[in-house]
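What follows is each chain in one-letter form.
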2 protein chains.
Amino acid sequence: MSQAAAHPLDPIFHPRSVAIVGVPSGGGSMASGFLSSLMEQRFHEVRPLYPVNPKIDEVAGLRCYPNLQAIPGPVDHVISLIPARIAPELVEQCVEKGVRSLHFFTAGLAETGDAELVALERRMIERLRGAGIRAIGPNCMGLYVPVSRLAFMNGFPSEPGNVFLISQSGANAGDVIGGLSRRGVRFSKAVSFGNGADLKAWELFDYAAQDPDTEIVTAYLEGIQEGRRLFEAIGRCARAKPTVILKGGLTDAGARAARSHTGSLAGSLAVFEAMCHQTGAIRAETMDDLHDLVVAVGTRARTIRGRGVVLVGGGGGVAVLSADALAAAGMEVPPMPESTKARLREFIPIAGTSVNNPIDTNAGTPELMERTLRIVAEAAPVDVVFTNPMFGRFGPPGGQDPRARDEIPAEQAERRAVEAARRSAELLAGLQEGTAKPFIALMRSERGSGGEAVEVFQQEAYARGVAAFSTIHRAARAMGLVLRWRARREGLPPVV
Amino acid sequence: MSQAAAHPLDPIFHPRSVAIVGVPSGGGSMASGFLSSLMEQRFHEVRPLYPVNPKIDEVAGLRCYPNLQAIPGPVDHVISLIPARIAPELVEQCVEKGVRSLHFFTAGLAETGDAELVALERRMIERLRGAGIRAIGPNCMGLYVPVSRLAFMNGFPSEPGNVFLISQSGANAGDVIGGLSRRGVRFSKAVSFGNGADLKAWELFDYAAQDPDTEIVTAYLEGIQEGRRLFEAIGRCARAKPTVILKGGLTDAGARAARSHTGSLAGSLAVFEAMCHQTGAIRAETMDDLHDLVVAVGTRARTIRGRGVVLVGGGGGVAVLSADALAAAGMEVPPMPESTKARLREFIPIAGTSVNNPIDTNAGTPELMERTLRIVAEAAPVDVVFTNPMFGRFGPPGGQDPRARDEIPAEQAERRAVEAARRSAELLAGLQEGTAKPFIALMRSERGSGGEAVEVFQQEAYARGVAAFSTIHRAARAMGLVLRWRARREGLPPVV
């Protein structure tokens, strides 16, 4: 892992041992999740993992130590689960033990606004800095680094990926990692840094910009700390890699909540917008935007050249609303050229269909669907193809019929759907490759079935560079944002 | 069912027998869904159901007839699944047989724009009208009437409810019925009427306005047919009952799609907006709006008096984004009065919490959550309480801990979650009753678990008058729209 000239933060992401101080004796609390997450990633199978709690001898099969000093070997990284009032004692132990980094899950410090607690936090950070120890937090979830087997919630993927997440909120970090993992995205590193008393956003952007394992950067920020350095670090990052940033606290109500949450002074919308604009970062306005933009820049969707959408599939009424939604999001739904319509009419009957865009083929077989998709993608006014992967239709005949479905055992039906989902992802990836235009899969999973097939499709599609979105509104919005970002970043004239 | 002076459309909704002409010999097509849906509703157990297809003698255990005339008894309602070119022959058979209504699933008529097919449709409708037979469609899914055991897709609830759905699109009707059913809503009647060659939207609004089984009306429209009559019928309806209308084809792209779909001339946004404004109908801008507004007007959410939201629950970062979302939707997130904060601080510790709004209690027990919700609901600036029903937290201790969860068999965990969901719905309904302020449940189901507990919660909550929405954005938007609608409808000064 270590580079010729490693970034100063690099050791934080690669601890050779971890101690969890104040580990609870049983399950049932948020604090107990730290031990279980590390064990789920099997950290303890490759590196020493030391639970610390003077009241117990053992927890989850691991020996438990009364304090840091009682641990026989060196400790690189400490996770503090203890209350704020006894934290200064742990700080002293860390200095004495020579740890490299201390993560405070511990809350109830500066973010309370209480002058005494603000001062307590400052004293601890000063003591740690003096000893060359970096602090993460307080009031945060800390590190998720798959290659180092670090995680702060259960269920995070153990495989590493190319996305670096910087989050001032632990819950929002969990939302991003959980939600994007289900869509096929994987992470190089994620840091929930809370109050940012020592380690701040700008340093993380600075690290992400040069991290060879990171190709995409995304962040949830509440406060703007050390604004000039943050601005410069985001600039370095956004020039090198797509950088998607969501800023909380941009309304008065949100800013008040941010003060309670991480003690942050939120700053104005205008300042933040200007920062994104000037640095070339992409501004996400909502958490949905953040998710969708990461998927977009992580796939061929990023290469979209213009606003022309062809939409294939969906019933007539859905097509009408979809066309409205695309137009409302600033995209275009160009009519198909006569030559394209003629090619489609060779095999699409007239009753109950449309070949004009949106295209409604009523196509029953994967072959006809593939033919349709290829023909429309080749049409000149088309910049991007939106379509619904229909797992049922791509399955064996009868897959659409409810009675036929009833006759297939549920498990077998699920297996078929999963197999169809896989084939559907391959089909779209092949078409995307062959036509050199991005394909977008619309899942409509919000109200529907969902289930394993949807997840398999999303994983397989993302891995092959095909972006999937839950609704056409979200897909259209994400594409519009990508076009505007690209136009700005590449110095092209604005497209939308 | 029949009233002293029944509405002229009433017989259509209460056929004493049904024939399905052109019923496929096997499953696997959309057409085969009509027979299976009627049988799923067990229509054939209470009324005669006659499949008609000269090529087969029996289908799904029912005797199949070669034509209408071969059926021994009277036939009230006919569903036509045959191609357009042979439909005129069926029209003659219907006239001869003396049926009351004919539903054309049959497509490929006026909506194609082909002059000959437009004329063919017109001739058939004229012939039927002359014989006093009402036609539904062509190019539509027809009737869903739970009390009469009529349905056009599988999986629709068999219990009747109070919502009347008018839809020009079959797929969108399916989306509304399927999606809202999962949220606890039930339907008195739904009509997918397609091209509207004979039976038009205005007649359905006229019926819904007087239908004693209907308390809420919702519609998806593409074209404006007989505008003056439509305007007057929507007015009658909206004065009597909350009436939520989504209009497709309001953009150029959508209007083009509407022409292909139902041959509709879509009309302008300005005209439609004015129609809603003047009649007191609520305009839904998207399908999500339509779903959410029906839930809102079907629950106590409808009684909201002002913009003040208190938000309880969710981590700090989620609270920040939620506050931003509420403010962006035109709602307010007022700080809690000092007296309210003092009452909360009696049992909410300072570390990792906020009592200012959004409220983050970290409350571990249902009792503490209930106490919190009651205290904040009583605060003067609060008009509505938004909260996350936390099924885990309402369960037994340890429900939140991933390791503990692993130790409980999946089935038992699901059962506990379902039970907790039920209790959570009861709790919110009780608080809503006791505090006389609406409570809104935020499901965040979009990215999460979902599953049975979420569905049980939504069903139980809706039945008790508590509205649930998938995200805070959607909840805030729906509440804002309801406030504006109420202010307009009740002649109150505009609130938002």
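This structure is a prediction, so every number in the text was calculated from the model and none was measured. (Residues numbered from 1 in each chain as written. Chains lettered and ligands numbered in written order. Predicted model: local features only at pLDDT ≥ 70, side-chain atom pairs only at ≥ 80, totals over all residues. Heavy atoms only, no water.)

1. Let's talk about the sheet that holds strand 11 (residues 216-221) of chain A
All names here are of chain A. Read from one edge to the other, the open sheet built from six strands follows the order 8-10-9-11-12-13, with strand pairing classed as mixed. The open sheet has two edge strands with one neighbour each: strand 8 (142-144) and strand 13 (282-284). Neighbour-to-neighbour, the strand axes of the sheet open up by a mean angle of 15°, direction not taken into account. With five bridges joining them, strand 9 (residues 163-167) and strand 11 adopt parallel strand pairing. Following the sheet pairing, F164 is matched in strand 11 by V217. Helix 5 (residues 170-182) rests against strand 8, strand 9, strand 10 (187-192) and strand 11 of the sheet, and its axis sits at about 160° to strand 10. (Pairing = 2+ DSSP bridges. Helix = DSSP H or I, 4+ residues; strand = E, 2+ residues; numbered from the N terminus. Axes fitted to C-alpha atoms, helices over the stretch in contact; angles between N-to-C directions. Contact = heavy atoms within 4.5 Å.)

2. Quick notes on the packing of aromatic side chains
The final tally for this structure, using the stated rule, is 16 aromatic pairs over all chains. Aromatic pair A:F152 and A:F156: ring centres 5.3 Å apart, planes at 85°, arrangement edge-to-face. No difference in accessibility class separates A:F152 from A:F156, as the two residues are buried. Considering the side-chain rings of B:F13 and B:F164, the 6.0 Å spacing of their centres and the 85° angle between planes classify their relative orientation as edge-to-face. Taken together, the residues span a long stretch of sequence, with B:F13 in helix 1 (residues 10-13) and B:F164 in strand 9 (residues 163-167) at a distance of 151 residues. B:F13 sits in the buried class, given a relative accessible area of 1%. (Phe/Tyr/Trp six-rings, centres within 6.5 Å; stacked < 30°, edge-to-face > 60°. Buried < 20%, exposed > 50% of the residue type's maximum accessible area, 1.4 Å probe, protein only.)

3. A look at the pattern of salt bridges
In total, this model carries 56 salt bridges over all chains according to the counting rule given. Of the charged contacts, one joins A:E460 and A:R422 as a salt bridge, the two residues approaching to 2.9 Å between their closest N and O atoms. Of this pair, A:E460 sits in helix 16 (residues 451-463) while A:R422 sits in helix 15 (residues 410-435), placing them 38 residues apart in sequence. When its relative accessible area of 28% is taken as the criterion, A:R422 is described as partly exposed. Among the salt bridges present, the one from B:E285 reaches B:R477, with a minimum N-O distance of 3.7 Å. You can see B:E285 sitting in the loop between strand 13 (282-284) and helix 11 (287-297) and its partner B:R477 sitting in helix 19 (residues 472-489), a full 192 residues away along the chain. With relative accessibility at 47%, the residue B:E285 sits in the partly exposed group. One network of salt bridges, with partners in common, ties together A:E419, A:R422, A:E426, A:E460 and A:R464. (Salt bridge = Lys/Arg side-chain N within 4 Å of Asp/Glu carboxyl O.)

4. Let's talk about the pairing of strand 1 (residues 18-21) of chain B
All names here are of chain B. The alternating pattern of strand 1 places V18 and I20 and A19 and V21 on opposite faces, both of which are buried. Alignment of strand 1 against strand 2 (residues 49-52), held across four bridges, turns out to be parallel. Considered in strand 2, the bridge of V21 is made with V52.

5. A few points about the interface of chain A and chain B
With 68 residues of chain A at the contact, the number on the chain B side is 68 residues. Contact between chain A and chain B buries roughly 4,700 Å² in total, counting both sides, with carbon and sulfur atoms accounting for 56%. Summed over the shared surface of chain A and chain B, the number is zero salt bridges. Where chain A packs against chain B, one counts 18 residue pairs in polar contact (both at pLDDT 80 or more). (Buried area = accessible area lost by both parts, 1.4 Å probe. Polar contact = N/O pair within 3.5 Å; in protein donor to acceptor, adjacent residues only side chain to side chain.)

6. Regarding the confidence of the model for chain A
Residue and element names in this part refer to chain A. Taken as a whole, chain A shows an average pLDDT of 90; of its residues, 92% reach a score of 70 or greater. Ignoring residues within four places in sequence, the model shows residues 393-406, a span with pLDDT below 50, making 32 contacts including any to other chains. Model confidence for the complex: the whole-complex pTM is 0.89, and ipTM, which rates the interface, is 0.88. (pLDDT = per-residue confidence, 0-100.)

7. Remarks on the domain arrangement of chain A
Residues and elements named next belong to chain A. Each assigned domain of chain A is listed here: domain 1 (10-297) and domain 2 (300-489). Once you take the C-alpha centre of each, domain 1 and domain 2 turn out to be 38 Å apart. Taken together, the contacts link 27 residues of domain 1 with 18 residues of domain 2. Regarding the contact of domain 1 and domain 2, the summed buried area is about 1,900 Å², with carbon and sulfur atoms giving 50% of it. Across the contact surface, domain 1 and domain 2 share eleven residue pairs in polar contact (both at pLDDT 80 or more). Secondary structure elements with two or more residues in the side of domain 1 that touches domain 2: helix 5, helix 7 (227-240), helix 9 (269-279) and helix 10 (287-297). (Domains from an automatic or database assignment.)

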